[in-house]
Structures are given as C-alpha cells and as structure tokens.
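# Examining the three-dimensional arrangement
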Amino acid sequence: MSTTCAAINFLLRLNKNVMKRFFSIIAVLLVCGLNSFAQIQIEEYGKATTLRTYEKSINSIHWIEDGYYFTAWDYDCAKYNLAGDQYHVLIYLGKTKDEVKRSRKIIADWFNNAKNNNFIYVSNPNAQRVCLYKYNSILYCSYGSEYLCKITINKHKSSVATAILSGLTDATTSAIIITSDYEAGRKELLANIEFGEHILTSGVSFKKDFMRSFENFLGEKEIELENKDEYDVAVIGAGHAGCEAALACARMGLETVMFTVSVDSIALMPCNPNIGGSSKGHLVREIDALGGEMGKNIDKSFIQSKMLNKSKGPAVHSLRAQADKQDYTRFMRMTLENTDNLTIRQGEVTDILVEDGKVTGVKTYSGAIYKAKAVVLCTGTYLKARCIYGDVSTYTGPNGLQAANYLTESLKNIGIELRRFKTGTPARVDKRSIDFSKMEEQFGDERVVPFSFSTDPDSIQKEQVSCWLTYTNEETHNIIKDNIDRSPLFSGMIEGTGPRYCPSIEDKVMKFADKDRHQVFVEPEGIYTNEMYLGGMSSSLPEDVQYAMYRTVPGLENVKIVRNAYAIEYDCIDARQLLATLEFKNIKGLFSGGQFNGSSGYEEAAAQGLIAGINAALEVLGREQIVIDRSEGYIGVLIDDLVTKESHEPYRMMTSRAEYRLLLRQDNADQRLTRIGYKVGLISEERYQWLLDKEDIITTEVERLEHTNIGANQQVQELLQQYDSTPLNSGTTLAELIRRPELS
C-alpha cells in the first residue's frame, strides 16, 4: 500500500428524538498525503434512520459494526463543541489484528506530520438546517433533515496536507483543518463555507488535547484483542435452539461458550406460554428421546397439561402443556449454569471469523475474539429485529430486549444470503379486568402424562390452572375492517413475510370473511403474575384499535392491556444454504438452528438447535454427523423440508407434512431415536438399558397376544356386539381382535 496516500474514516453517530422522529448524522474523516485522494462514497440511507450511540471510554479500541475503531470521546471533544453528550469521533482501524497494526503505523505517520502543522478550528452556531461544509472536495451533511445525504469525496487537488471533518451538536457545526500553510488553509476554508456566520480560531488549546489522545493511543505497545480462553464450540443465542445446542455440545464433552444479549432472556418464551401441541408435542418427545432438555424442563414448570386429539387415532395424539414462563426460564438457566464444560457469556456477537472456508471463532461488540472450532447460529428473532404496532416502530428484539444489529453484515460478508421474515404476538392483559363468567373454562387432564420419558409420572401430578375460551364477533370484525388501513401489515410498513398457519387477527378477518367468529384462548402466563395471553388475537394494529377490538370480545369488555400486541420482523436465512446436518454448505464448521433457519415455534427451534449442536460436536470430534430421516421422526421431516424445499414464509410443523405419521407416534419416540442419542453420547447407560428392558417387555407381550386364541363363544360375541364390532365366524387371536379400532 502506498505510503503517500492513506484513508481513514471518521464516523460520528447521533441519536436524537425530535417530535417522535429520529434523525441521524454522519461525518467522515479523511487523512491523506499530498498526491491523491481515494474515492469514497456513503449512500443515502432514507428517512428517519437511527444510528446507535457508542458510549465507550476515551482512547480505546472497540469493534463497532464493521471493524475496529479508535474512539475519541467526551473529555477531549465535548468542551470544544466537537462532541456533545451523545457523540463520538471514531477512527476506522480495520477488521483484523494485522489491519489494526497497519492502521496504527499510518496514523503514526500522519501524527508526526500533524504535530508540526497548524490547526484551524471553525464553529457555526447557526447550523440548524441542512448545511454543507465544502473544504476543497469534502462535502458534509449536518443535522436537520429527515434524510442522510450522499457524501462523496473525489480527487483531491489541494496542497493542503490533510483535512479532518469532525464534531457538531444540533446547535454547532465544527471543522478542524490541519495544514502546513495557515493563511492558505484559512482562505481556502472561508471561500468554501456555504453558509453564513462563522467563528474562526487557531485552535491552539484544542490541538494540545487532541494530540494527547493520539499520543496515548499510539503509545500502546501491543493491542490485545483476543480472549485467552479457547473453546471447541461457540453457540450464538440462548433461546430454545441455543439452549439445546449448547447443552448437547457440553454434554458430549466439548468446551462450549454460549452468547446471549441478556442472561435474563435465556429460554425466553416471548409469545405463547405453552410447549407442545399438534405435531409439536411429537417434536418435544423426539428431542427428549435424543437426549435434549425441553421435555424435562416443561415437566418441571407446567401449570396445566392436556393430551390433544384423543378422539382420533394414537398417531396424532399430541401433548400440550401450559408453562409458567418465569419458571421455564429459571429451570433452564439453572440447568445450563450447572452443566460441566459450558460457559454462559452475556455479550453481542458481531462477526463470524472464517479463514479458508472454515470457521475459526467469533468477535463480540467489545472487540474480543473467541476462538472456536465450530460455531452454531441460533439468533432467533433478534437479528436486526424491529417491533411494530400501528405507526410505532422500535428497533428492539422481542419483549423490548436489545436487538442484534451488527451480525447481519458479517454474515453477508462471508457469503450467507439473508431475507426478512415476520411474526407477531397478541396483547397481554390484566387478569383482574377479565370477566371469566362469560367464557368457557378449559381444564387440564385428570392424569398428567409427562413429556420426558425419564420423568416419573407420579412425581408431576398436581393441581392445575384453568385456561378459558371465548370468541370474536361481528363487532370485533367491523372495528378491524374499519381500521385496516392503519395496520402496518396492510399499509406496507412491514416488509417481512408472516406465517400462514399462525395469522394475525386482522389477517383472519380479511382472508376468512365468511367466518362470523374466531376462537380466543385466554391463557395464564404463570402462577405468580396476573398477565393473561390472548391466544388467537395477535395483531399489529394501533393501540387504540387494539383496545377497541379486544373490548368487544365477551369477558373482555373492561379489559386492561399490560403489553400491547405487536409484529416483529427480523433477518433469517433460506435454509437451502444448509446441508441436512444443518452445517452451511460453503463454510466448514458453521451450523445453524432455530427461527434463523426460517421456521417458527419454540419446538421447531429446539429440535433444530439440538441437531445443529450434536453435529457441531461431532464435527469437532472428527466423527460422522447424523441425519434424521423422514421415516425416523418429525425432526427429520422438519429439517428435510427446510433444507430442500423453497419456502416464502416461516415454516410450521404439522402432522400432515409427515408421510410416515402413522408410524411416528409421540409415544414411541424413544424406540425410534434413543439409540441415536446413546450413540452420540447424550443418553446415559442407565437410560439406554431402561429402553432395552422396555423393548423386551413389549416383544414378550406381542408374542403372548399373537399366541392367545379367542373362540367364537357367546360371551365373546356379546362383548363384540356391545362395542359395535363384527361378530366372529371362527376363532381368532387376541392380537387380531385388538387391531380393530373400536376395541383398541
């Protein structure tokens, strides 16, 4: 790289709330030698873009969005109106440690030149509108517009050595010019300022403090960016997929680190307060059969349990349990924190490190590098998440948690294609404002069946909490139709594609106009809270419309909303970029699981996370990775559909998707999959022996039934008649009789 020309970007970022709108600001620093400037362009961002404020310490190096930056903060800047309370001057250093070292050398050369030159400081106290500094060919757009203008730096033709554009508050715009010829620089600057009043000073005191910042920075002997701990596997995300992936890797003996934006959001249930349901209960049973945790955790934290579809055949019987959300999170976190080989780390991962097509680790927002032999992406709905209802749009993750805004660009840079999906959640309401007398009470099963094959059924029998059923009506639908133009789902404000099989209430009303009512399930969020979940009425309508429509529902006439319903859109992938093992086709050692793969639901996420975690561990161990076939389990159907079929909406598991569903019952998941769990190292010897004993008992009983003959006597015929079963013409076996549906 030529020593006569070196470009370093200064970015200045501002968050400002003006009349409920956020405005943004960008500044560019260019440091250059005498001969030429490189071409630099910053494209227009569009309306009301919000850029994040970086509150970091002075004179330090941080990873921010697209690379390492040196930050000059508050003390050296604010008193000169170069930065206010929410401002930073950032010097781009590069993406790797070697690039940072090279940048330090470039800055050192510039610094030595600048020490002997003059500083000219310009301030404009009247810069309340869009205004341009034009110093030679540098253009800069100030605060005051909904738009961020395009900044272009062209060929530099001046004799001025370097120019730094920096600073500004909403009342002051500032520039610093470093030049070997003070008078020439002053005249050129004055000639190119395109707005009125200005103040010009030599900036002698400023120069002293500003240069001290660089002396401190350049005086560092070595930049320690790497974390000294090395891991076998790094898991990004601690939702249902991340928990299963991290536990699988750690239990298979690998040193594992799991990153989460907040340890308080581990195994969070941001939407419905239940686990299981039609086909989803099958997934939970299969997760347990393989050695996963979800089944055990819901057995500890359920408040109501019910076996669905009992009027149909056993193939579609499916367990569903209401969870105490706080208990579910608490028990899962307790399990994670007490698992050997597993480290939980609160921090935002901003970059996936890849060398020669193989993953080598991750970088966090702080700039720390964590080396890892495999990485599992389980980002859920957090990646560049945006929550929306009415005209309110906030760049947060679910439940108001911090979104992960910086990983997307890194994924794109390593060749991963992303897209935008959307999901939604209904309002949470105050239990005390509900009239349950107008609703139908929904009880749990008298005898609770556990999710986990290892849970003793007698240990979980307890008093259960009721759920409630009510319905929308014509008035509800009219309010929605009258305000449909205010729905971001129909106005175009929401970009992401939502799930077809879990639609919002406005979607139901508009697409199923022939229906005069829709079910609303009122479900408790937990034992120790009055929050109730309004299942079946997810929405992104404005707050006033939400109140109006909810209060037309019987029992909700005086309801008080605790949390508004909202839609959330987020970045995810087309899972056809993955192998059936959930490893990326083009990046060795990088795996992906959960809603990031374009699916929906806690259970689908956990199933993928478990398989991704198992295969990441097997990759590190040098063993053959596993693939669950469609004939072996619902997990196989789920993953095969995701990685082989084109999908334009969040994928939801359904029994109809499984062509082998008559064989894939939820009660035989252990017989189908526990051997695989034992083989990979997630099933203990004791549990595996219990399975073998169970299979021996089943085999013995089947043989007994096959060899037990039943005659066509009067007693047998009367019994058959009692059950509306065809009488016998001759003797048969007990096995043949119980194959009759009416008798089994």
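In case you missed it, the structure is sitting above this.
A brief report on the enclosed structure follows.

For the chain, the helix and strand inventory stands at 18 helices and 36 strands. Expressed as a percentage of the 744 residues in the chain, the buried residues total 56%. Residue pairs at least 24 apart in sequence account for 72% of intrachain contacts in the chain once pairs closer than 6 positions are excluded.

Strand order in the open sheet made by the four strands is β25-β24-β33-β26, with antiparallel pairing throughout. Bordering the open sheet on either side are β25 (392-394) and β26 (418-425), each of which pairs with just one other strand. Recorded for the sheet is a direction-independent mean angle of 25° between the axes of neighbouring strands. The pairing of strand β24 (residues 386-389) with β25 spans three bridges and is antiparallel. Residue pairing for β25: Cys387 is matched across the bridge by Thr394.

The subject of this paragraph is the nonpolar core. Counting 106 residues, the largest nonpolar core has Ile266, Ile352, Val375, Val376, Leu377, Ile614 and Ile635 as the members making the most contacts within it. When near neighbours in sequence (up to four residues on either side) are disregarded, Ile352 contacts Ile236, Val359, Gly361, Val362, Val375, Leu377, Leu407, Ser410, Leu411, Ile414 and Leu590. Phe436, Ile479, Ile484 and Leu534 belong to the second largest nonpolar core, which has 25 residues in total.

Checked against the element boundaries, Cys502 lands in the loop between α10 (488-491) and α11 (505-511). Exposure remark for Cys502: the relative accessible area of 41% places this residue in the partly exposed category. Taking C-alpha positions, Cys502 is 10.0 Å from Met537, a pair spaced 35 residues apart along the chain.

Put simply, helix α5 (residues 280-290) and helix α15 (residues 669-680) touch, their axes get as near as 7 Å, and they point 40° apart. The two elements α5 and α15 cross, and the hand of that crossing is right-handed. In contact with Arg285, Glu286, Ala289 and Leu290 of α5, α15 contributes Ala669, Asp670, Arg672, Leu673, Thr674, Ile676 and Gly677. For the contact of α5 with α15, the class distribution of residues is five nonpolar, two polar and four charged.

Across its twelve residues, α15 extends 17 Å between first and last C-alpha, which sits within 8% of the 16 Å expected from 1.5 Å per residue. Restricting attention to buried positions, one finds in α15 the residues Ala669, Asp670, Arg672, Leu673, Thr674, Ile676, Gly677 and Val680. Buried-residue contacts for α15 involve α5, α13 (602-621) and α16 (685-706). Positive backbone phi, at 110°, marks Gly681, one or two positions downstream of α15.

Applying the stated criterion to the full structure yields five aromatic pairs. Among the aromatic residues, those joined into a cluster by ring pairs are Tyr231, Phe259 and Tyr370. Taking NZ or CZ as reference, Arg285 lies 4.9 Å from the ring centre of Phe453, over its face. Directly above the aromatic system of Tyr471 lies the positively charged group of Arg517, at a separation of 3.6 Å from the ring centroid.

What follows concerns the side chain of Gln322. Residue placement: Gln322 occurs in strand β19 (residues 318-323). Beyond its immediate chain neighbours, meaning those up to four positions away, Gln322 contacts Pro273, Asn274, Ile298, Ser301, Phe302, Ile303, Gln304, Cys467, Glu523 and Pro524.

Under the definition given, this model contains 37 salt bridges. Asp264 is paired through a salt bridge with Arg333; the nearest N and O atoms lie 3.3 Å apart. A residue pair is termed long-range when its members are at least 10 positions apart, and Asp264 in the loop between β16 (256-260) and β17 (274-276) and Arg333 in helix α7 (residues 325-337) qualify at 69 residues. Residue classification places Asp264 among the exposed positions, given a relative accessible area of 58%. Taking relative accessible area as the criterion, Arg333 reaches 26% and is therefore assigned partly exposed. Ionic pairing is found between Arg330 and Asp327, a salt bridge with its closest N-O pair at 2.7 Å. Of this pair, Arg330 and Asp327 both sit in helix α7, three residues apart, which is roughly one turn of that helix. Residue class for Arg330 comes out partly exposed when judged on its relative accessible area of 42%. Judged by its relative accessible area of 16%, Asp327 falls in the buried class. Residues joined by salt bridges that share partners form a network here, namely Arg630, Asp640, Asp641, Lys645 and Glu659.

Okay, the sheet that holds strand β29 (residues 467-471) next. Across the sheet, six strands lie side by side as β28-β29-β30-β31-β27-β32; this open sheet has antiparallel pairing. The strands lining the two open edges of the sheet, one partner per strand, are β28 (440-442) and β32 (561-563). Ignoring which end each strand starts from, the neighbouring axes of this sheet average 35° apart. Of the strand pairs in this sheet, β28 and β29 are connected by three bridges, and their pairing is antiparallel. The partner of Gln442 across the bridge, within β29, is Cys467.

Let's shift gears to a nonpolar patch on the surface. On the surface, Tyr660, Leu662 and Leu663 cluster together into a nonpolar patch covering about 350 Å² of accessible area. By secondary structure assignment, the location of Tyr660 is in the loop between α14 (634-644) and α15.

Where α5 contacts α13, the axes come no closer than 9 Å and their chain directions differ by 25°. By the angle class used here, α5 and α13 are roughly parallel. Classified by chirality, the crossing of α13 by α5 is left-handed. Side by side, α5 and α13 meet where Lys280, Leu283, Val284, Ile287 and Leu290 of the first sit next to Glu603, Glu604, Ala606, Ala607, Leu610 and Ile611 of the second.

What follows concerns α13. Given a rise of 1.5 Å per residue, 20 residues ought to cover 28 Å, and the 28 Å separating the end C-alpha atoms of α13 matches this to within 8%. For α13, the buried fraction is high: 18 of the 20 residues fall into the buried class. Trailing α13 by a residue or two, Gly622 shows a phi angle of about 75°, which is positive.

The next subject is the side chain of Thr655. Here Thr655 shows up in the loop between α14 and α15. Overall, the relative accessible area of 16% leaves Thr655 in the buried class. Once residues lying within four places of it in the same chain are set aside, the contact partners of Thr655 are Ser278, Ser279, Val316, Tyr634 and Arg661.

All told, the structure shown has zero disulfides when counted by the stated rule. Note on Cys502: no disulfide assigned, nearest cysteine sulfur contributed by Cys271 at a separation of 6.4 Å.

Rules used in this analysis
Sequence order as written defines the numbering, with residues in each chain counted from 1. In view of the model being predicted, local features appear only for residues whose pLDDT reaches at least 70, and side-chain atom pairs are presented and counted only at 80 or more, with totals across whole chains, interfaces and linings using the full set of residues. No hydrogens and no water enter the side-chain calculation; it runs on all heavy atoms of the structure. Strands here are runs of E lasting at least two residues and helices are runs of H or I lasting at least four, both read from the DSSP assignment and numbered beginning at the N terminus. Throughout this description, buried means an accessible area under 20% of the type-specific maximum (1.4 Å probe, protein chains only), exposed means over 50%, and partly exposed covers the range between. Whether two residues touch is decided by their heavy atoms; if any such pair falls within 4.5 Å, the residues are in contact. Whether two strands pair depends on DSSP finding at least two bridges between them. Lines fitted to C-alpha atoms define the axes, with helix axes restricted to the stretch in contact, and inter-axis angles between N-to-C directions lie between 0 and 180 degrees. Within this scheme, the nonpolar core is defined by two criteria: the residues are buried Ala, Val, Leu, Ile, Met, Phe, Trp, Tyr or Cys, and they are joined through side-chain atoms within 4.5 Å. By convention, the crossing between two helices is left-handed when the near helix turns anticlockwise from the far helix through less than a right angle, and right-handed when the turn is clockwise. Note on residue classes: Ala, Val, Leu, Ile, Met, Phe, Trp, Tyr, Cys and Pro are nonpolar, Asp, Glu, Lys and Arg are charged, and everything else, Gly too, is polar. Multiplying 1.5 Å by the residue count of a helix minus one yields the expected span of that helix. Each Phe, Tyr or Trp ring, with Trp reduced to its six-membered ring, pairs with another whose centre is within 6.5 Å; inter-plane angles below 30 degrees give stacked pairs, above 60 give edge-to-face pairs, and intermediate values give tilted ones. Sitting over a ring, as applied to charges here, requires NZ of Lys or CZ of Arg to be within 6 Å of the ring centre and within 35 degrees of the ring normal. Put simply, a salt bridge is a Lys or Arg side-chain nitrogen that is within 4 Å of an Asp or Glu carboxyl oxygen. Patch construction takes residues with relative accessible area above 30% that form no salt bridge. Like charges are linked within 9 Å, and nonpolar side chains (Val, Leu, Ile, Met, Phe, Trp, Tyr) are linked within 5 Å. Where accessible areas are quoted, they stem from the Shrake-Rupley method and a 1.4 Å probe; at the residue level, only the protein chains shown are allowed to cover. In these notes the angle categories are as follows: under 35 degrees is roughly parallel, over 145 is roughly antiparallel, 65 to 115 is roughly perpendicular, and the rest is oblique. What counts as a disulfide here is a pair of cysteine sulfur atoms lying within 2.5 Å.

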